[in-house]
Amino acid sequence: MLRLVVLLVCVAVSQAFSGPAASRVGRAAVRMEGARINTDIDLDSPKVVTNLEVDSKQVMCRCWKSKTFPNCDAAHVKHNEATGDNVGPLIVSPKK
């Protein structure tokens with residue numbers, strides 16, 4: 001089960017850094033303080049959140065700033081306030 005969650009997180013993160021943004025952003029820019037992480041995905045939304053359905057709920061980090069990575073510790077809130085970014089967690093939910 002954990003392997004599935006890790007795989008889903010990897011897919012979601014790779015989607016966030018693929019396409020036109022990949023050539024401009026790259027991994028190095030993710031670690032820059034004060035820089036936007038999200039430059040292409042749902043920019044009009046106050047926070048970008050993705051939901052995937054699995055057996056148990058997990059809230060996964062997509063800002064790369066969590067001290068409990070790969071789990072979200074809400075570090076994106078401080079980052080968003082400081083940079084005007086709108087990054088949020090990947091929420092993996094159980095099927096209903």
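Everything here concerns the structure above.
Residues numbered from 1 in each chain as written. Predicted model: local features only at pLDDT ≥ 70, side-chain atom pairs only at ≥ 80, totals over all residues. Heavy atoms only, no water.

Asker: Sorry if this is basic, but what is going on with the environment of arginine 36 here?
Answerer: Mapped onto the fold, arginine 36 is located in the loop between α3 (26-30) and β1 (48-54). Assessed through its relative accessible area of 33%, arginine 36 is described here as partly exposed. Through-space distance from the C-alpha of arginine 36 to that of valine 87 is 8.7 Å; in sequence the pair is 51 residues apart. With residues up to four places along the chain from it excluded, the contact list for arginine 36 reads Leu43, Thr83, Gly84, Asp85 and Asn86. Only 3.1 Å separates the side chain of arginine 36 from the backbone oxygen of asparagine 38, close enough to count as a polar contact. Engagement of the side chain of arginine 36 in a polar contact is seen with the side chain of aspartate 85, the distance being 3.3 Å. (Helix = DSSP H or I, 4+ residues; strand = E, 2+ residues; numbered from the N terminus. Buried < 20%, exposed > 50% of the residue type's maximum accessible area, 1.4 Å probe, protein only. Contact = heavy atoms within 4.5 Å. Polar contact = N/O pair within 3.5 Å; in protein donor to acceptor, adjacent residues only side chain to side chain.)

Asker: Explain helix α4 (residues 75-83) to me, please; I cannot follow it from the model alone.
Answerer: Along α4, the positions that sit buried rather than exposed are Ala75, His76, His79, Asn80 and Thr83. Buried positions in α4, seen along its axis, are confined to an arc of 130 degrees and lie on one side of it. Exposed residues pointing more than 90 degrees away from the buried face of α4 are listed as Lys78, Glu81 and Ala82. Lining the buried residues of α4 we find β3 (87-94). Positive phi shows up at glycine 84, right after α4, with a value of about 80 degrees. (Arc of directions from axis to C-beta.)

These figures come from the coordinates and say nothing about function on their own.
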